[in-house]
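Observations on the three-dimensional arrangement
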Amino acid sequence: MTLGNGRHYLAIPGPSVSPDRVLRAMHRTSPNIYHGELIEMVPGIIRDLKRVARTDANAAIYIANGHGSWEAAICNVFSPGDRALVLATGSFAHGWAEMAKAVGVAVETLDYGNRDAIDFGQVEAALAADKDHEIKAVMTVQVDTSTSVRNDVAELRAALDRAGHPALLMIDCIACLGCDVFEMDAWGVDVMVTGSQKGLMTPPGLGFIFYNEKADRARETANCVTRYWDWRTRTKPEVFYQYFCGTAPTLHLYGLREALDMIAEEGLPAIWRRHEVLARAVWNAFERWGEAGPLELNVSDPAHRSHAVTSIRVGSAKGTALRDWCEQKAGLTLGIGLGMAPQDAQEWHHFFRLGHMGHVNAQMMLGALATIEAGLKAVGIDHAPGGVEAAAEVIASAA
Ligand SMILES: Cc1ncc(COP(=O)(O)O)c(C=O)c1O
């Protein structure tokens, strides 16, 4: 007997659950890539992607995962020897920094560790100290998926402005576009990178870059740009194949089209609110369980917690046992802890993450939380009773 049979739930922080509508839209014979429906569909996809990014600027699509989007942004902005300031609140900012270093960018990193958000005063001071304005870009991650820290991008823009520094503001929204509020134009973001596989509810394989005219001026002199990663041809193609520098990602585009329709039907404000309520339900459960025992949310200040993912500290090496139990006994896959401890250390087992991004609703989250509660009992992690009830209270009062 196994209680895991039935529909499996992948509750890791991406790739997220693909809606049946998206999967059905992808399940078709291959379209003609030279004329017809596919060609006519792409401008509308770009228009709707920009609506989700809340920008009137330019958008480019790559057949790539998040790492591809990272590299594309770097190549279009920098030349070897240029300077960048990276603000790190988890592993992914460090990952982006490493990719910049690999093409010869001189990266300075302000590291806020694994639990805290960016200190804007420190950023302002670092920029003010750069009197010759050599720092070409400030790069950071809105939500670092490893830690679930969410940074206030509007405040970061204000810090750049207070320092009177002309650096480009480059933001990674791979974890959280379509989950946490993001306003590219209103917040003065110059470059934003994201991918298809989280809030955009489409399988991994499409990377997106949004960039404004200021960023495109940097592209003018950037000599890291190569033909494949060049955002210009993709943004203003003379012929269709240039949108993708080759064969279009045919079936992914149908899936994405459907996902964008779903986003338009629900409306971004309602989507943001759904994610906020579900995130609060998750936080309430863990806070209640943590009243007796070692469980703890990684981010203590709710203002700095993402609405897309929650990182949890188990307080013992039983995190892996809990994940294994949920997956094998109950059909729920939780995310591993990422970047919190070396893979070969005992501490690596002290963490896990729960994704609540994209196509998720109250019954999925309550089911996941109730399963975790069963797992806590099964593997013997001390906890106060009532976590699921605490989550249900949030759902009941918000619904
Ligand atoms: C915030 C963030 N940036 C970058 C990446 C890298 O994306 P990918 O794994 O698709 O290359 C991820 C992946 O989870 C992410 O969450």
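Further up the page is the structure itself.
The structure contained in this document is the topic of the report that follows. If you're wondering where the values come from, they're calculated on a predicted model, not measured in any experiment.

Quick look at the site of the ligand now. As a matter of local geometry, the ligand sits amid 13 residues, with His67, Thr145, Asp172, Gln197 and Lys198 nearest to it. Within the side chain of Asn65, one N or O atom sits 3.4 Å away from an oxygen atom of the ligand. Gly66 is positioned with one of its backbone polar atoms (N or O) 2.8 Å from an oxygen atom of the ligand. Here the shell around the ligand gets three residues from one element, more than from any other, and that element is helix 3 (residues 66-77). Taken together, the residues that form the shell around the ligand break down as six nonpolar, five polar and two charged.

All right, on to helix 4 (residues 91-102) then. For an α-helix, the turn length of 3.6 residues means that residues three or four places apart are oriented alike. In this model helix 4 runs 17 Å from its N-terminal to its C-terminal C-alpha over 12 residues, within 8% of the 16 Å that 1.5 Å per residue would give. All buried positions along helix 4 are accounted for by Ala93, Trp96, Ala97, Met99 and Ala100. Angularly, the buried residues of helix 4 cover 160° about the axis, an arc narrow enough to put them on a single face. Looking one or two places after helix 4, you find Gly104, whose phi comes out positive at around 100°.

Relative to each other, helix 10 (residues 268-289) and helix 12 (residues 362-379) sit at 15°, their axes nearing to 10 Å. Classified by the angle between their axes, helix 10 and helix 12 sit roughly parallel to one another. Between helix 10 and helix 12 lies a crossing whose hand is right-handed. In this structure, helix 10 contributes Leu278, Ala281, Val282, Ala285, Phe286 and Trp289 to the contact, and helix 12 contributes Ala362, Met365, Leu369, Ile372, Glu373 and Leu376. In terms of residue class, the contact of helix 10 with helix 12 is built from 11 nonpolar, no polar and one charged.

Rules and cut-offs
- Residues numbered from 1 in each chain as written.
- Predicted model: local features only at pLDDT ≥ 70, side-chain atom pairs only at ≥ 80, totals over all residues.
- Heavy atoms only, no water.
- Near = heavy atom within 4 Å.
- Polar contact = N/O pair within 3.5 Å; in protein donor to acceptor, adjacent residues only side chain to side chain.
- Helix = DSSP H or I, 4+ residues; strand = E, 2+ residues; numbered from the N terminus.
- Nonpolar A, V, L, I, M, F, W, Y, C, P; charged D, E, K, R; others polar.
- Expected span 1.5 Å × (residues − 1).
- Buried < 20%, exposed > 50% of the residue type's maximum accessible area, 1.4 Å probe, protein only.
- Arc of directions from axis to C-beta.
- Axes fitted to C-alpha atoms, helices over the stretch in contact; angles between N-to-C directions.
- Parallel < 35°, antiparallel > 145°, perpendicular 65-115°, else oblique.
- Left-handed = near helix turned anticlockwise from the far one by under 90°.
- Contact = heavy atoms within 4.5 Å.

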